[in-house]
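# Fold and geometry: a report
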Amino acid sequence: MEKFLASLRELEEAGQAAIRSATAPEDLEQARIEFLGRKAQLTRLLRSVGELPQDQRRSAGAEANRVKKQLLELAEARAAELTAVAGAPVADIDPTLPGRVRWRGARHPCTLVTDEICGIFKELGFSRARGPEAETTWYNFTALNTSLDHPAADEQDTFYLGDDTLLRTHTSPVQARVMERSQPPVRIVVPGFVFRRDPFDASHAPAFEQIEGLAVDEGISFVDFKASISYFVHRFFGPDAAIRFRPSFFPFTEPSAEVDVSCAICAGAGCSTCKGTGWLEIMGAGMVDPAVFENVGYDPERYTGFAFGMGVGRIAMLRYQIPDIRLLYDGDIRFLQQFEDA
Ligand code: PHE
């Protein structure tokens, strides 16, 4: 009997402590199982009352039941306290802390630059046109005077969707599409994605945006070509930008040129952005090759024109001093957020 009562006392104290110290409903449940559950010591003690001498059974049983009842009540009271705390307003909210800023979205730097460039050409009478990203070899190459065995048409450099269809490698096929369905004068700018089997590194991306330009009419000369490009460069890069037309080759323009702008970062002195040359290449361009006019049914004796194509990403990188082209395609909100007010 002495031993029985001593164990009971011990259990009572330990049980009370466990129930009172429970700070979460799970802790409380744990304590309830430990001290009042089917396998609890108290339960076993209650069952062992029958093994005590006859005359002690009644008082031992009563005492054990009292402890059990008391622990049950205590657990119930504690459970009520815990729910009250959870339901009540939490005292340690600090209402003076600034709230979380909501992501409002921003236009992508390529979109900003595309709109600005198309806006400048709009001043010269160019309207926007679009064409498909999945293109036929005819429009992507053949109509543009590029035979399929020309290095530029090398299967290695492109993503083919079938024998005769591919993801366009430039926006130039839209030149042919627009000329086929309309008569001169034509003045269009064509923004859009193009695809090449290029590495994805700091200055290349296998999918990137271009803006194509095309002007066709009677009497368009090389002077008009240079004047229009110069107008654009000065409007976009500022009146101090120097321009250089470097002879080049494209199958669909003749003569062809690569257009360079003086590096604004080093003012032409030579830096890492311009690879020490003081110049940055911004577009390929030239006078439309008569063969292209023939392919789309224009009279090459009557019409002349110029065309150009530029990489929007490169120009956005220059405008916003973005060091790595991959930043344009990562979709990182922290990067894009910087253009919220641009
Ligand atoms: N399509 C050429 C390219 O992607 C650029 C270009 C366009 C050159 C129009 C001349 C005329 O490299």
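Up top you'll find the structure we're talking about.
For clarity, every value in this text was computed on a predicted model and none was experimentally measured.

Attention now goes to the site of the ligand. Taken together, 14 residues surround the ligand, and among them H170, S172, R196, Q210 and G309 come closest. Measuring from a nitrogen atom of the ligand, one finds a side-chain N or O atom of H170 at 3.0 Å. Within the side chain of Q210, one N or O atom sits 3.0 Å away from an oxygen atom of the ligand. Here the ligand, which alone exposes 330 Å², has 90% of that area covered by the protein. Among the detected pockets, the ligand sits in the largest pocket. Classifying every residue of the shell around the ligand by side-chain character gives 5 nonpolar, 7 polar and 2 charged.

Moving on, we come to the nonpolar core. Among the nonpolar cores identified, the biggest contains 38 residues, and I117, F232, M283, F308 and M310 are the most heavily contacted of them. Elements that contribute at least two residues to this core include exactly α5 (109-123), β5 (207-217), α8 (222-237), β7 (253-262), β8 (279-288), β9 (304-311), α10 (312-320) and α11 (333-336). Not counting residues up to four positions away in its chain, the partners in contact with I117 are I211, F232, F236, M310 and I315. Core analysis: the second largest hydrophobic core is formed by 21 residues, A143, L144, F252 and A307 among them.

Right, let's talk about the layout of surface pockets for a bit. Roughly 920 Å³ of volume is contained in the largest pocket. Lining the largest pocket are 40 residues, with T169, R196, F208, Q210 and F250 sitting closest to its centre. Within the residue set of the lining of the largest pocket, elements represented by two or more residues are β5, β6 (243-250), β7, β8, β9 and α10. Per-class residue counts for the lining of the largest pocket are 16 nonpolar, 15 polar and 9 charged. Here the second largest pocket defines a volume of roughly 610 Å³.

Here we come to the pattern of salt bridges. A full pass over the atoms with the stated rule returns 14 salt bridges. Residue R107 pairs with D115 through a salt bridge whose shortest N-O separation is 2.6 Å. By relative accessible area, which is 28% here, D115 ends up partly exposed. Note that E218 is salt-bridged to R302, the shortest N-O span being 3.0 Å. Taken together, the residues E218 in the loop between β5 and α8 and R302 in the loop between α9 (290-296) and β9 connect sequence positions 84 residues apart. Residue E218 is classed as partly exposed on the basis of its relative accessible area, which comes to 45%. For R302, a relative accessible area of 46% corresponds to the partly exposed category. One network of salt bridges, with partners in common, ties together R244, R246, D260 and E281.

Quick look at α8 now. Residues three or four positions apart in an α-helix share a direction because the helix packs 3.6 residues into each turn. For α8, which comprises 16 residues, the first-to-last C-alpha distance of 22 Å matches the rise-based estimate of 22 Å (1.5 Å per residue) to within 8%. Every buried residue of α8 is accounted for by F225, S228, I229, S230, F232, V233 and F236. On the buried face of α8, the contacting elements are α5, β6, β7, β8, β9 and α10. The positive-phi residue at the C-terminal boundary of α8 is G238, with phi of around 105°.

Of note, E63 is situated in helix α4 (residues 54-87). According to the relative accessible area criterion, E63 is buried, its value standing at 17%. In terms of polar contacts, E63 uses its side chain to reach the side chain of R66, at 3.0 Å. Excluding residues that lie within four positions of it along the chain, E63 makes contacts with L5, L8 and R9.

What follows covers the packing of helix α1 (residues 2-21) against helix α2 (residues 25-36). Axis angle and axis distance: for two packed helices, these are the angle between their axes and the distance between the axes, and together they describe the pair. The interhelical angle for the contact between α1 and α2, taken along N-to-C directions, is 165°, at an axis separation of 9 Å. In this view, α1 runs roughly antiparallel relative to α2, as classed from their interaxial angle. Considering the relative orientation of α1 and α2, their crossing is left-handed. Here α1 contributes L11, A14, G15, A18 and I19 to the contact with α2, which in turn contributes L28, A31 and F35. Of the residues that constitute the contact of α1 with α2, the class distribution is 7 nonpolar, 1 polar and no charged.

A few words on the sheet that holds strand β1 (residues 127-128). Note on sheets: strands pair through backbone hydrogen bonds, and any given pair is parallel or antiparallel. Taken together, the 7 strands give an open sheet; going across it, the order is β1-β4-β5-β9-β8-β7-β6, and neighbouring strands pair in mixed fashion. For this open sheet the edge positions go to β1 and β6, each flanked by a neighbour on one side alone. Taken together, the 8 bridges between β7 and β8 define a ladder with antiparallel strand orientation. Within β8, the residue paired with T253 across the bridge is V288. Packed on one face of the sheet, α5 meets β1, β4 (186-195), β5 and β9 and runs near 5° to β5. The sheet contacts of helix α7 (residues 173-181) involve β4, β5 and β9, and relative to β5 the element is tilted by about 40°.

Criteria and cut-off values
- Residues numbered from 1 in each chain as written.
- Predicted model: local features only at pLDDT ≥ 70, side-chain atom pairs only at ≥ 80, totals over all residues.
- Heavy atoms only, no water.
- Near = heavy atom within 4 Å.
- Polar contact = N/O pair within 3.5 Å; in protein donor to acceptor, adjacent residues only side chain to side chain.
- Areas by Shrake-Rupley, 256 points an atom, 1.4 Å probe, with all protein chains shown as cover.
- 1 Å grid on protein atoms, 1.4 Å probe; cavity = no way out; pocket = protein on both sides within 12 Å on 5 of 7 lines; lining within 4 Å.
- Sits in = over half its atoms within 2 Å of the grid points.
- Nonpolar A, V, L, I, M, F, W, Y, C, P; charged D, E, K, R; others polar.
- Core = buried A, V, L, I, M, F, W, Y, C linked by side-chain atoms within 4.5 Å.
- Buried < 20%, exposed > 50% of the residue type's maximum accessible area, 1.4 Å probe, protein only.
- Helix = DSSP H or I, 4+ residues; strand = E, 2+ residues; numbered from the N terminus.
- Contact = heavy atoms within 4.5 Å.
- Points joined across faces, edges and corners; volume = space filled by probe spheres on them.
- Salt bridge = Lys/Arg side-chain N within 4 Å of Asp/Glu carboxyl O.
- Expected span 1.5 Å × (residues − 1).
- Axes fitted to C-alpha atoms, helices over the stretch in contact; angles between N-to-C directions.
- Parallel < 35°, antiparallel > 145°, perpendicular 65-115°, else oblique.
- Left-handed = near helix turned anticlockwise from the far one by under 90°.
- Pairing = 2+ DSSP bridges.

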